[in-house]
Amino acid sequence: MSLLQKIAEIESEMARTQKNKATAHHLGLLKARLAKLKRELITPKGGSGGGPGEGFDVAKTGDARIGFVGFPSVGKSTLLSNLAGVYSEVAAYEFTTLTTVPGVIRYKGAKIQLLDLPGIIEGAKDGKGRGRQVIAVARTCNLILIVLDVLKPLGHKKLIEHELEGFGIRLNKEPPNIGFKKKDKGGINFTATCAQSELDGETVKSILSEYKIHNADLTLRSDATADDLIDVVEGNRVYIPCIYVLNKIDQISIEELDVIYKIPHCVPISAHHRWNFDDVLERIWDYLHLVRIYTKPKGQLPDYTSPVVLQDGKTSVDDFCLKIHKNLIKELKYALVWGSSVKHNPQKVGKDHVMEDEDVIQLVKK
């Protein structure tokens, strides 16, 4: 029996089973089995396989990486070529783009790499089309732009989300607040710091035993679902922010546009007429959470043209030094910082000081 048949069988059994307290245990087991089979689909066991697709993943350049995901012919290539001035072949038939086309834009001093990924089709997560490689590249992005056709958005949105979820990509979600630690002996120690609506000791044990884990410490710090627990145990999930770009708004009325603007994480544009591009760029900037740090040589004015761009959460002086050169931190005596992260301008700080957007820094060596 092939993997796909097994998956279809479990999915049909889940659809047949009623959801209530008595069946929660059984459903949890089925979900765990499903997650295991799906993982085998993405990373086939043994064998050298066919090797990666030719020219698929692109070298990472710039400060952040954005993937354009969508069905064929929704205007991903038009959007890319109009944003970045890169020529990605554009035509009116489906599947024009066959491999990844990279482009780079400069925005607010940051270099952002844009990747035009080939059209995803239904069943990409089961290895149809170039789907598996497309989604593997999507996993490495800092932000995913899902490009949708405004005339048929919701059906497409559900399908694409389903494909990405099947690949362990979670969109606009925080990692579940679950502490999980394997150990050698002592059974399963299960504690919940708040009321659980779905998981109980029995269900947790059955899900963990499906993964052949019989000794572990598990702490639930939020009301978690069986899916959250499986995500934590699998451990290969990536949490990526996502913006839905609704293309081809030149084909709808103003009233419909007003409705679209109320959908969260959504930006309507027209790639062909270049409408509303500044809104897209501004939204991209918000979601990437990049921090710009300007450098100041001693006795000169700060260089405001080329900032050093750091990822949010990694903005200490230490991270700044590593970004420039790994040996720089050994020579650092202290740093002078001007900006919103310090009380005095300038202020002497050590390597653990956390900087904010548009701070100015001057390094003093030993």
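In case you missed it, the structure is sitting above this.
Residues numbered from 1 in each chain as written. Predicted model: local features only at pLDDT ≥ 70, side-chain atom pairs only at ≥ 80, totals over all residues. Heavy atoms only, no water.

Colleague: Explanation requested: the sheet that holds strand E14 (residues 332-338) in the structure shown.
Modeller: Within a sheet, each strand pairs with its neighbour through backbone hydrogen bonds, oriented either parallel or antiparallel. A sheet is described by the order of its strands in space; here 5 strands give the open sequence E13-E12-E16-E14-E15, paired in mixed fashion. A strand with exactly one partner marks an edge of an open sheet, and here the two such strands are strand E13 (303-311) and strand E15 (347-349). Strand-to-strand twist across the sheet, computed as the mean angle between neighbouring axes with direction ignored, equals 40°. In this structure, E14 lies alongside strand E16 (residues 359-365), joined through 6 bridges in antiparallel fashion. Bridge pairing links Leu336 to Gln362 in E16. (Pairing = 2+ DSSP bridges. Helix = DSSP H or I, 4+ residues; strand = E, 2+ residues; numbered from the N terminus. Axes fitted to C-alpha atoms, helices over the stretch in contact; angles between N-to-C directions.)

Colleague: Can you help me understand the pairing of strand E12 (residues 290-295) in this one?
Modeller: For a regular strand, side chains alternate in direction, first toward one face of the sheet and then toward the other. In terms of burial, E12 is largely enclosed, as 5 of its 6 residues are buried. In the sheet, E12 pairs with E16 via 3 bridges, with the strands oriented parallel. The residue bridging Ile293 from the neighbouring strand is Asp359, located in E16. (Buried < 20%, exposed > 50% of the residue type's maximum accessible area, 1.4 Å probe, protein only.)

Colleague: What is the right way to look at the packing of aromatic side chains in this model?
Modeller: Two numbers describe a pair of aromatic rings. These are the distance of the centres and the angle of the planes. Under the counting rule described, the total for this entry stands at 2 aromatic pairs. Ring geometry for Tyr294 against Tyr304: centres 4.9 Å apart, planes inclined by 80°, an arrangement best described as edge-to-face. Here the residue Tyr294 occupies a position in strand E12, and Tyr304 occupies one in strand E13, the gap between them amounting to 10 residues. Looking at Lys36, its charged tip hangs above the ring of Tyr211, at a distance of 5.9 Å from the centre. The ring of Tyr334 carries the charged tip of Lys348 above its face, separated from the ring centre by 4.4 Å. (Phe/Tyr/Trp six-rings, centres within 6.5 Å; stacked < 30°, edge-to-face > 60°. Lys NZ or Arg CZ within 6 Å of the ring centre and 35° of its normal.)

Colleague: Just to check I follow, could you spell out the side chain of Thr23 for this structure?
Modeller: Structurally, the position occupied by Thr23 is in helix H2 (residues 21-42). With relative accessibility at 18%, the residue Thr23 sits in the buried group. Polar contacts involving the side chain of Thr23 include one to the main-chain carbonyl oxygen of Gln18, which spans 2.6 Å. (Polar contact = N/O pair within 3.5 Å; in protein donor to acceptor, adjacent residues only side chain to side chain.)

Colleague: Can you help me understand the nonpolar core in this one?
Modeller: Nonpolar side chains in soluble globular proteins generally cluster together in the buried interior. Core analysis: the biggest nonpolar cluster contains 54 residues, and Ile66, Leu79, Leu114 and Ile146 have the highest contact counts within it. Among the elements that take part in this core, helix H9 (residues 277-288) stands out by supplying 7 residues, more than any other. By size, the runner-up hydrophobic cluster in this structure holds 18 residues, among which are Leu199, Leu220, Ala224 and Ala226. (Core = buried A, V, L, I, M, F, W, Y, C linked by side-chain atoms within 4.5 Å.)

Colleague: Help me understand helix H6 (residues 201-210), please; the structure alone is not making it clear to me.
Modeller: Along an α-helix, residues three or four positions apart point the same way, because every turn accommodates 3.6 residues. Considered for burial, the residues of H6 that qualify are Thr203, Val204, Ser206, Ile207, Leu208 and Glu210. At the C-terminal side of H6, Lys212 shows a positive phi close to 60°.

Colleague: I keep staring at the sheet that holds strand E6 (residues 178-182) and nothing clicks. Help me out?
Modeller: Pairing within the open sheet is mixed, and its 3 strands lie in the order E6-E8-E7. Unpaired on one side and paired on the other, E6 and strand E7 (188-192) mark the two borders of the sheet. Across the sheet, the mean angle from the axis of one strand to that of its neighbour is 5°, orientation sign disregarded. One ladder, built from 5 bridges, connects E6 with strand E8 (residues 216-220); its direction is antiparallel. Bridge pairing links Lys181 to Asp217 in E8.

Colleague: Could you clarify how one ought to interpret the packing of H6 against helix H7 (residues 226-234) in this entry?
Modeller: Two numbers describe a pair of packed helices, the interaxial angle and the distance between the axes. Packing of H6 against H7 brings their axes to within 11 Å, and their N-to-C directions diverge by 35°. In terms of crossing hand, the pair formed by H6 and H7 is right-handed. Touching Val204, Ile207 and Leu208 of H6 are Ala226, Leu229, Ile230 and Val233, all from H7. Grouping the amino acids of the contact of H6 with H7 by side-chain chemistry returns 7 nonpolar, no polar and no charged. (Left-handed = near helix turned anticlockwise from the far one by under 90°. Contact = heavy atoms within 4.5 Å. Nonpolar A, V, L, I, M, F, W, Y, C, P; charged D, E, K, R; others polar.)

Colleague: Explain the environment of Ser306 to me, please; I cannot follow it from the model alone.
Modeller: Its location among the elements puts Ser306 in strand E13. The class of Ser306 is partly exposed, set by a relative accessible area of 38%. Spatially, the C-alpha atoms of Ser306 and Gly109 are 5.9 Å apart, while their sequence positions differ by 197 residues. Within the structure, the side chain of Ser306 is placed 3.1 Å from the side chain of Asp303, a separation counted as a polar contact.

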